[in-house]
2 protein chains.
Amino acid sequence: MKTIVLKFGGTSVGSIDRIKKVTKIILNHKRKKNRVIVVSSAMSGVTNDLVKKSKLISNNFDKAEHDVLVSTGEQVACALIAGRLNHHGFSARSWMSWQIPIITDGPYSNARIDKILTKDLQKYLKSGGIPVVTGFQGINNHSRLTTLGRGGSDASAIMIAKFFKADECIVYTDVDGIYTTDPRLHKKAKKIKQIEYDEMLEMASLGSNVMQPTSVQDAKLNNIDISVKSSFISKPGTLITKSFKKKEFSNQIITGISSTKNDAKITIAGVKDKPGVAALIFEPLSKNLINVDMVVQNISLDGKETDLTFTIKSEDVKKTEKIIKGNKKISYRRLSFDKNLAKISIIGVGMITAPGITYRMFKALASKKINIMVISTSEIKISVLVSAIHVKKAIAVLHKEFKLD
Amino acid sequence: MKTIVLKFGGTSVGSIDRIKKVTKIILNHKRKKNRVIVVSSAMSGVTNDLVKKSKLISNNFDKAEHDVLVSTGEQVACALIAGRLNHHGFSARSWMSWQIPIITDGPYSNARIDKILTKDLQKYLKSGGIPVVTGFQGINNHSRLTTLGRGGSDASAIMIAKFFKADECIVYTDVDGIYTTDPRLHKKAKKIKQIEYDEMLEMASLGSNVMQPTSVQDAKLNNIDISVKSSFISKPGTLITKSFKKKEFSNQIITGISSTKNDAKITIAGVKDKPGVAALIFEPLSKNLINVDMVVQNISLDGKETDLTFTIKSEDVKKTEKIIKGNKKISYRRLSFDKNLAKISIIGVGMITAPGITYRMFKALASKKINIMVISTSEIKISVLVSAIHVKKAIAVLHKEFKLD
């Protein structure tokens, strides 16, 4: 008898009709004699509505009460799912995080699951019932409700899979898997059957919004295979798993191409090059929650001045300009901004052993006269900053170059 | 230092603006150096919306999940209230029933509070915090959420007042107290300063919708004074309390006059008069949740046949007719229905010792040519069934007769 964790995202349970549809998916798994644990997000839109209410109450709404407030969303979804399963004559019930309990640590609104006590739920599973567990939440050591931050329901599913030693963890969402690149940007994009955790981590943090990086990290750490599937259409999805031999495409080095948009580049030219100057520049940005992505520092010829270039999101440009101009701890010659940029990344564990990938990427882009502004690399990823108008063209040429078409 | 329980109903917390207003009321009590325990209902409309959802999921929605579903309403309201209190710089937090815990027994959706463990909340109170407790709910012995049925938040407030030995329990609602009669039906209606539990019980069960009878009963059993006040305007309310000497109006025998509408009268004429025949008639009505109110049975002259008259709500007439006609266990000559009736009741503990009240009531009604169809009496109440068109006239003449004007 297999134990399967089924996780449903907000759009999958976004209406009464959708809830009726996902209960059919659940019952299909149950009828195959599996032990099934359901984990659900809040119905889409509900959490945002609740957050909106909290902002009307206070522009500095208490974080603990925020978690009490928003955690009602999953409770509603789980009660409705369990009610529907009961309606079909199956034994099912909602399990709130405090009933299991799921113990978290870390701050409110951004807690992490520490441990899950399995005894009561295990007993319920053995009796044949289908537990429907509230995702995205837990309780802390003071028995207060906590939430897990963005993508928290995925984290709930993965940790439940871990603590219940599940054989499978299926994440149902509104897309039918991970693609070699965004199908809206390149029509030759293909669904990836199997992807390694580390590749998925790079894909996730680079704009493939299917799963939050922290959840992929949790899955990797606990060696849990995740299937990403659509709850809207019945199709094979993508398996996120540990490293494997890519038999099908032995010459396939790159797994996928991701892109971000709305990037902006900032260059601070003629910065006095003294130790710690980068920290002086980035500290106030970090304190203002401005996310700095790529960073390039040119070595100055005379050893006295340097040019520092980094990228941020376009919406942060004004704030960043203000902070840098008001920063009394640094001096520089010139500040320049460049908006409407995009970051294109090629990702694949294969590049660790395959030489010349960088060269092939640059040559392919050059063949289409696409200018590269900033480059950043990791073991399994190369990212380049280009003008946003070139995004589709860049994806197309790279998709072809690395045999993903 | 006094301990005060403040309970807010759904309309009192029905919007963000209302929640901001009630926090001011709470802080007024807190600033007087009281220990304050807040109990809140769900924002008005929320519970109905949730119930609507459950009905779309199943026409026989699981009762346990129903309680999980609707109990989110109070959780949202309490988080928002606590958030607003924090916004004003006061130490406050939401307390869900499972966190205290509030232990209930009885069936889902209609549980009753059995006991409240006070230790943790007591400690929090001593630290100066303002707890905001979810009304209307508790947990059962299996640690599952339960709800208390209609008016359950009042019951929560009263039981919390009991277990925390509160000096005062104030129920904030959308009316400013209990009136001698419905001000919409009689403009000379006056607010009652003080009313006895038993009188309130009769008022409540006879259509004064301010408090549910079960809550008044709980208050009576535990000897807890309840102040009913408006959260919309700052005015003295009505104190519901144990028996007291009515100094102000020593000649006032009647405390209030209540009325119901949409009553219907059913007469089953020529019923075979054998033992248990009334039970045979009423059993199937009770099973179909038809509430029978007044019952009158005439003694037959020959001892063989009897006429049975009873009242129900007009909306139940069709169903009742069908049930009686389909009832093979009884035989009768004729079935007649009379809709558009109303029940007028005069209530007052004073009538126990004052003779002639019935006579004065009938004479007053006769003076206005109001025909009485059915009469029912208790120790502290006399009810008469009249045509609905006479309601205002009947209230006016009785209000004057018993010196309530």
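The rules behind these values
Residues numbered from 1 in each chain as written. Chains lettered and ligands numbered in written order. Predicted model: local features only at pLDDT ≥ 70, side-chain atom pairs only at ≥ 80, totals over all residues. Pairing = 2+ DSSP bridges. Helix = DSSP H or I, 4+ residues; strand = E, 2+ residues; numbered from the N terminus. Axes fitted to C-alpha atoms, helices over the stretch in contact; angles between N-to-C directions. Contact = placed C-beta atoms within 7 Å. Buried ≥ 20, exposed ≤ 12 C-beta atoms within 10 Å, placed from the backbone. Nonpolar A, V, L, I, M, F, W, Y, C, P; charged D, E, K, R; others polar. Least-squares fit on C-alpha atoms with pLDDT ≥ 70 in both. Domains from an automatic or database assignment. Core = buried A, V, L, I, M, F, W, Y, C linked by C-beta atoms within 7 Å. Parallel < 35°, antiparallel > 145°, perpendicular 65-115°, else oblique. pLDDT = per-residue confidence, 0-100.

Next up on the list: the sheet that holds strand β15 (residues 305-313) of chain B. Residue and element names in this part refer to chain B. Taken in spatial order, the 6 strands line up as β14-β15-β13-β16-β18-β17 in an open sheet, and their pairing is antiparallel. Both outer strands of the open sheet, β14 (295-298) and β17 (374-378), are each paired with one neighbouring strand and no more. The average angle at which neighbouring strand axes cross in this sheet is 25°, direction not considered. Across 11 bridges, strand β13 (residues 256-272) lies against strand β16 (residues 334-347) in antiparallel orientation. The residue of β16 that forms the bridge with D263 is L341. The sheet contacts of helix α10 (residues 317-325) involve β13, β15 and β16, and relative to β16 the element is tilted by about 130°.

Let's shift gears to the pairing of strand β6 (residues 130-134) of chain A. All names here are of chain A. Burial analysis of β6 places 5 of its 5 residues in the buried class, which makes it a mostly covered element. Alternating residues of β6 divide into I130, V132 and T134 and P131 and V133, and every residue in both groups is buried. In this sheet, β6 lies alongside strand β2 (residues 35-40) in parallel orientation, the contact comprising 3 bridges. Bridging from a neighbouring strand, S40 pairs with T134 of β6.

It is worth spelling out the environment of S234 of chain B at this point. Residue and element names in this part refer to chain B. Along the chain, S234 falls in the loop between β11 (226-230) and β12 (238-241). You can call S234 exposed: it has 10 C-beta atoms within 10 Å. In the structure, S234 is positioned 58 residues away from D176 in sequence and 8.5 Å away in space, judged by C-alpha atoms.

Let us look at the interface of chain B and chain A. Between chain B and chain A, the residue contacts involve 30 residues of the former and 30 residues of the latter. Among the elements that take part in the side of chain B that touches chain A, helix α4 (residues 72-87) of chain B stands out by supplying 10 residues, more than any other. A class-by-class count of the residues in the side of chain B that touches chain A yields 14 nonpolar, 11 polar and 5 charged.

Note that the residue after I100 of chain A, namely P101 of chain A, is joined by a cis bond; omega there is -15°. Residue position: P101 of chain A is located in the loop between β3 (92-95) and β4 (102-105). Even without being a glycine, N262 of chain A presents a positive backbone phi close to 60°. Examined against the element boundaries, N262 of chain A turns out to sit in strand β13 (residues 256-272). C-beta crowding within 10 Å serves as the criterion here: with 15 such atoms nearby, N262 of chain A is assigned to the partly exposed category. Residues other than glycine seldom take positive phi values, yet S109 of chain B does so here, at roughly 70°.

This paragraph deals with the sheet that holds strand β16 (residues 334-347) of chain A. Adjacent strands of a sheet pair through backbone hydrogen bonds, lying either parallel or antiparallel. All names here are of chain A. With respect to topology, 6 strands assemble into an open sheet ordered β14-β15-β13-β16-β18-β17, the strand pairing being antiparallel. The strands lining the two open edges of the sheet, one partner per strand, are β14 (295-298) and β17 (374-378). Averaged over all pairs of adjacent strands, the angle between their axes in this sheet comes to 25°, without regard to strand direction. Summarising the sheet, β16 and strand β18 (residues 381-387) pair through 7 bridges and their orientation is antiparallel. By the bridge assignment, K343 is partnered in β18 with L385. Lying on the sheet, helix α9 (residues 277-287) is in contact with β13, β14 and β15 (305-313); it crosses β13 at an angle near 120°.

Right, let's talk about the relation of the copies chain B and chain A for a bit. With an axial shift of 0.0 Å and an RMSD of 0.1 Å, the rotation relating chain B to chain A amounts to 180°. The operation mapping one copy onto its partner corresponds to a two-fold rotation axis. Nearest to the rotation axis, the C-alpha of T72 of chain B is located 2.7 Å from it, this being the minimum over chain B. Comparing contact sets, 100% of the residues at the interface of chain B also lie at the interface in chain A, consistent with an isologous, same-surface contact.

When the domains of chain A are assigned, the result is domain 1 (3-174) and domain 2 (256-401). Of note, the centres of domain 1 of chain A and domain 2 of chain A, computed from C-alpha atoms alone, are 38 Å apart.

Our focus in this paragraph is the nonpolar core. Formed by 214 residues in total, the largest nonpolar core has its most connected members in I81 of chain A together with I81 of chain B. Summarising the domain contributions, this core has at least three residues from each of domain 1 (3-174) and domain 2 (256-401) of chain A. Beyond its immediate stretch of four places on either side in the chain, I81 of chain B contacts V13, I19, V22, T23, V38, S40 and V132 of chain B.

Residues and elements named next belong to chain B. Its place among the elements puts K235 in the loop between β11 and β12. Sequence-wise, K235 and D176 are 59 residues apart; in three dimensions their C-alpha atoms are separated by 6.9 Å. Ignoring anything within four residues of it in the chain, the contact list for K235 reads D176 and S230.

Two packed helices can be described by the angle between their axes and the distance between those axes. Residue and element names in this part refer to chain B. Across the interface, helix α6 (residues 152-163) lies against helix α8 (residues 213-221) with an axial gap of 8 Å and an inter-helix angle of 10°. Taken together, α6 and α8 sit at an angle that is classed as roughly parallel. Only T214, S215, D218 and A219 of α8 make contact with α6, whose side of the interface consists of D154, A155, I158 and M159.

So, on to the confidence of the model for chain A. When pLDDT is averaged along chain A, the result is 91, and 96% of the positions lie at 70 or above. Scoring the predicted complex yields pTM 0.84 and, for the interface, ipTM 0.83.

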